[in-house]
Each structure stands twice: as structure tokens, then as C-alpha cells.
Amino acid sequence: MAEYRIIDTKVGLLGATALVVGNVIGVSAFVLPGPLAGDAGPSIVLAMALATIPLGFGILLSLQLGSAIPVAGGSYVYASRLVGPFWGFLLPWIVIPGVWAGMLFIGVGFAEYVGFVSAAVSPVPDVPELLLIYALLVPFILLNVLGIRMVAVVQFAMVALIVAGMLAFIVPGAFAVDPGNYEPLFPEGVGPFVVAIVSLYFPLRGFRLVVELGEEMTNPAENIPRVLALSSAIALSLLLALVVVLVGTTPYAELGEMDAAVAQVSLDNFPAALTGLVLVAAAMGALTSINMTYTAYSRILMRAARDRVIPAPLARVHERWDSPYVAVIVLGVPPLVIAPVSPGPVVLSVALSMTILFGLAIAGVSLWNLPATYPDRYEHSLYRLPPWLLKTTAVGAVASAALLWLLVATQLPAMVAVLGGWLALGYVVYRWRVRRFAARGVDLRSRMGQLHDNE
């Protein structure tokens, strides 16, 4: 099947690591801990630790699947080839609104931080929030149209600033921690604690996006596991340390009342130069999250469109810039329209986390089926999980995703109902598309069950 153009531009180990680290340590690391701590109290530290459990399964999934089948839009390919065509269809179906929610979350978080700077630094003029959201989203739509190599260069520079800013908060903050601030652990009960776990999983999902780059990485079978190892060591250490220091330096009730808690705590306790670095890091976090989200999820749409499971124009690759520009535009433009009526950051983060957890469960089933469906791919993987660990990881991924969905259903039943309705509508659309292609003599389900020649 060669009815589409393959992306030829490649990104190396360091570039891919920068893409993933920047996606994980996004603006959410600076925006979410304050309001979550205000509701969940010091248990947000435990929530952060527990959020790494499904993350661990996700990393092992990505290591094995990415090593065995290193393709563009890996999540879609694994679901459609290893679980079933309908489940493959559901990945892009749920990705589109999920990414829109994620873009709005990052935009709102960015506007919140700029508003904090405007209030704290008198020479900085007050800029309308909506204008700030547009100023953030539009340039990165254009950057992703320019292709993966330009994306990686810009991302690397921004990630360096993020790491510097986080260390500017963590290192001095470690000497200002008051152990008394970690008590009581559950001041408002376990409900807010559950929401905090799911919300904090939102940034951590960024590790799995490395499998979407597939054909655009140099030696993907070797480098996908290396990128996962490097990015995990860097990002998890910084994120956990940030949350521990934030809660340890300031009572949780005060954190809940701050618009930009990390920056405010830095301003209250540390020299202005360090606070300046923190503010720069938060701004860069918004930029890197937007950057990688457009990059990774556009590849899922591009790869699904190659199978015609979604409209074929989404598979178009720009002749000059080697980018899936139509998919980038489809992901990027609607949030600009929705922005004036956007809900709050916690609701947006939970919505995106729920869609990602759905994808994690599908990936777990994909991993379980890998040895039986593609035994040669599994046996000759450069990094091969032993059968017992493979099955444990698969079960753990599905179980943890299902448990978090159930827990959120007890706290936010309306959101779960909306997502459930969207998935049900997806089934109707899928059946219609299968029948439409069958009338033309094309077996869409068979097409979705075969790896392409370049894969």
C-alpha cells in the first residue's frame, strides 16, 4: 500500500528525548499542583507517586511495542492490528476531542501565568486571556507545519530553560521545607485525592507519545527505549521534587488560593532572579507541551488516514516541509474557536487524562496479543520483555486504567457519561464508514489489519 507519502526527515536520540521531556514537564507541572493541593491537601504528594503506577505500565508497553513495531502513529497501529479494527478507529476518534481539551488546558495555564506576571511586575501590561491563548497556540501550529526537525531544535532550547527554572525552585526550596505542612494527609477525604491522581496522570502521559514518531526517528527500534529511559529519569525526578517542595514550603490551604502557586511561592521565599527563572520555565512548559502534542497526535491521525478509517486528506504530507500539515490544522484550529467558552484547567486535565487512560487500556490488550499475532516481531525485538513481565504489564495497564475510570465516575459522573456517549457515537460512525467502503468494494477492516510495506 503506497497511496501516501512517507515522512523522510529524521530526529535523533537527543532531539526525541527533548521532545518527550518537554511534553511531560509542561505548564501543567506549574499550574495543577496549586489547585489540586488546595482540594486534596498534602496527599497530592502521594497522588503524584501513585500516578506513576499506570505510567510505569505505559513505559513498559511503549518499550516493547515500540521496539517490535516502530511505526508512525503507533497507538493506532497497535490497536487496529493487535486488538481489532473498531478499537483502532476509536483511538483517533477519542484523540481529537482529547487533544482539543489539552490545548485549551495548556492555553488557560499559560494565560494564568502571564496574568500572574502582569500583577507581580508592574511594567508588564495586562493582556486579555483569550488573546494570550491565541498567541500561544497559533505559532506552534505553524511550527509543526514546518516539520519534525525544526520542532526538535526549538524544543531542545526550551527544555534547557525548563530544567534550569525547576532547579531554581527545587534546590532553594528544599532548605525551606516545613515537615508540618505534610499533615493532615487527607484533610478533605479521599475524593479530591482520587481526582488529583487522575489529573496528575495528564502530564505523565507524555512519555508514551514517543511511539507515535516511529518512522521519523533515527533507528527507532533502538532509540525508542533509550528515549524512554532518559526522559523518565529526567522528568520524573524533577516533577516529584517540585511537588514535594511546593507542599513542604506552604500550607495546602494557601496553595489553593494562589493563581500560580509555584511562581507565588518562589516570589514569597526566594530571590527575584530565581523567581524569574521559574516564570520562564513555566512559560516554556506551555510552549513545549503544545509543541509535542501537535507533533505526536497528528501522527495518529495521519496513520489512521492512510488506512482510510478517517478521511484520507489527513494523511497528506507537505512536499516541502515533510509534515502531516492537514492533521496538524485539524488538531490546532478548533481549540481557537472553543477558547472563549473553555472550562477550568482541572476539568480539562481530567478530560484529557480519561481519554489517555482509555488508550492505555487498549495498549495493554495490544501488548498481551503481540506474541501470538506477530511472534517473529516479538522474538526478534531489540528489547524484549520476558513473557511473565509482558503479561503482568498488560494486565496492570488495563486494570489501572479501568480502576481510575471507575474512581473518577464516583466523583465526576457527568464527565464519564459524556465520554461514554462519545465512544458510543464512535461505534455508529465506524459501522457507517465500513458499510460505505464495502459498497465501493473495499474491505476497510481487512485494510486495518495489515502492516504496510514500510512497517
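Going by the structure above, here's the rest.
Conventions and cut-offs
- Per chain, residues are indexed from 1 in the order of the written sequence.
- Predicted model: local features are reported for residues with pLDDT of at least 70 only, side-chain atom pairs are reported and counted for 80 or more only, and whole-chain, interface and lining totals are derived from all residues.
- Just so you know, side-chain values use all the structure's heavy atoms and leave hydrogens and water out.
- By the criteria applied, helices consist of DSSP H or I runs no shorter than four residues and strands consist of E runs no shorter than two, each listed in order from the N terminus.
- Radius of gyration here is computed from C-alpha atoms only, and the compact-globule reference equals 2.2 Å multiplied by the residue count raised to the power 0.38.
- Each residue is placed in one exposure class: buried if its accessible area under a 1.4 Å probe, protein chains only, is under 20% of its type's maximum, exposed if it is over 50%, and partly exposed if it falls in between.
- Only the protein chains shown count as cover for residues, and all accessible areas are computed by the Shrake-Rupley method using a 1.4 Å probe.
- In this description, a line fitted to the C-alpha atoms serves as the axis of each element, helices being fitted only across the stretch in contact, and the angle between N-to-C directions of two axes falls anywhere from 0 to 180 degrees.
- Relative orientations are named as follows: roughly parallel for angles under 35 degrees, roughly antiparallel for angles over 145 degrees, roughly perpendicular for angles from 65 to 115 degrees, and oblique for any other angle.
- Crossing handedness follows the turn of the near helix against the far one: under a right angle anticlockwise gives a left-handed crossing, and clockwise gives a right-handed one.
- The contact definition used throughout considers only heavy atoms, calling two residues in contact when any of these lie within 4.5 Å.
- We call Asp, Glu, Lys and Arg charged. Ala, Val, Leu, Ile, Met, Phe, Trp, Tyr, Cys and Pro are nonpolar, and the rest, Gly among them, are polar.
- Stacked, edge-to-face and tilted are the three classes for Phe, Tyr and Trp ring pairs, Trp counted by its six-membered ring, which pair at centre distances within 6.5 Å; planes under 30 degrees apart are stacked, over 60 edge-to-face, the rest tilted.
- Ring-over charges, as used throughout, are those where CZ of Arg or NZ of Lys falls within 6 Å of the ring centre and within 35 degrees of the ring normal.
- When we speak of the arc, we mean the arc of directions from the helix axis to the C-beta atoms.
- We define a salt bridge as a side-chain nitrogen of Lys or Arg found within 4 Å of a carboxyl oxygen belonging to Asp or Glu.
- Side-chain atoms alone can form a polar contact between residues adjacent in sequence; in general such a contact is a pair of N or O atoms within 3.5 Å, and within protein one must be able to donate a hydrogen while the other accepts it.

A. The overall build of the protein chain, seen in detail. Scanning the protein chain for helices and strands turns up 19 helices and zero strands. Computed over its C-alpha atoms, the radius of gyration of the protein chain comes to 21 Å, within 12% of the 23 Å expected for a compact globule of 455 residues. Projected onto its principal axes, the C-alpha positions of the protein chain cover 65 × 45 × 40 Å. Within the protein chain, buried positions represent 58% of all 455 residues. Of the roughly 16,600 Å² of accessible surface on the protein chain, a fraction of 68% belongs to carbon and sulfur atoms.

B. Up close: the packing of helix H1 (residues 13-24) against helix H8 (residues 148-173). The geometry of H1 relative to H8 is characterised by a closest axis approach of 8 Å and an angle of 60 degrees between their N-to-C directions. As far as their axial angle goes, H8 and H1 are oblique. The interaxial crossing formed by H1 with H8 has left-handed handedness. Residues Leu 14, Gly 15, Ala 18, Leu 19, Val 21, Gly 22 and Asn 23 of H1 form the contact with H8, whose own contacting residues are Ile 148, Val 151, Ala 152, Gln 155, Phe 156 and Val 159. Classifying every residue of the contact of H1 with H8 gives nine nonpolar, four polar and no charged.

C. Highlighting the packing of aromatic side chains. Under the defined criterion, the tally for this structure stands at eight aromatic pairs. Measuring from ring centre to ring centre gives 5.7 Å for Phe 89 and Trp 93, while their planes differ by 25 degrees; the resulting arrangement is stacked. Taken as a pair, Phe 89 and Trp 93 lie in helix H6 (residues 85-120) at a separation of four residues, close to a single helical turn. We note that Phe 89, like Trp 93, is buried. These aromatic residues form a ring-pair network of at least three members: Phe 86, Trp 87, Phe 89, Trp 93, Trp 422, Tyr 427 and Tyr 430. Lying over the aromatic face of Tyr 378, Arg 384 brings its terminal NZ or CZ to 5.1 Å of the ring centre. One Lys or Arg, Lys 391, reaches over the ring of Trp 368 and ends 5.4 Å from the middle of that ring.

D. Structural detail: helix H3 (residues 33-40). Of all the residues in H3, the buried ones are Pro 33, Gly 34, Leu 36, Ala 37 and Ala 40. In an axial view of H3, the angular spread of the buried residues amounts to 170 degrees, which keeps them on one side of the axis. A positive phi of about 70 degrees marks Gly 41, the residue just after H3.

E. Up close: the pattern of salt bridges. Going through the model one piece at a time under the given rule, you end up with three salt bridges. The salt bridge involving Glu 222 is made with Arg 226; its shortest N-O contact spans 3.7 Å. Pair noted here: Glu 222 and Arg 226 are both in helix H10 (residues 220-249), with a separation of four residues, about one helical turn. Notably, a salt bridge pairs Asp 307 with Arg 303, separated by 3.3 Å at the nearest N-O pair. On the accessibility criterion, Arg 303 (0% relative accessible area) is buried. Here the residues in one salt-bridge network are Arg 81, Arg 303 and Asp 307, joined through shared partners.

F. A look at the side chain of Asn 144. The residue Asn 144 is located in helix H7 (residues 129-145) in this model. Of note is the side chain of Asn 144, whose polar atom sits 3.0 Å from the backbone oxygen of Phe 140. A polar atom in the side chain of Asn 144 sits 2.5 Å from the side chain of Thr 295. Those residues in contact with Asn 144, other than ones at most four positions away along the chain, are Val 151, Asn 291, Tyr 294, Thr 295, Ser 323 and Val 328.

G. Summary view of unusual backbone geometry. Residue Pro 184 is reached from Glu 183 by a cis peptide bond, and omega for that bond is -10 degrees. In this fold, Pro 184 is placed in the loop between H8 and helix H9 (191-204). Here Arg 308, not a glycine, exhibits a phi torsion of approximately 70 degrees, which is positive. Structurally, Arg 308 is set in the loop between helix H13 (272-306) and helix H14 (325-338).

H. Quick peek at the environment of Glu 379. Relative to the assigned elements, Glu 379 resides in helix H16 (residues 375-379). Residue Glu 379 is classed as partly exposed on the basis of its relative accessible area, which comes to 46%. As a C-alpha pair, Glu 379 and Ala 68 span 311 residues in sequence and 8.6 Å in three-dimensional space.

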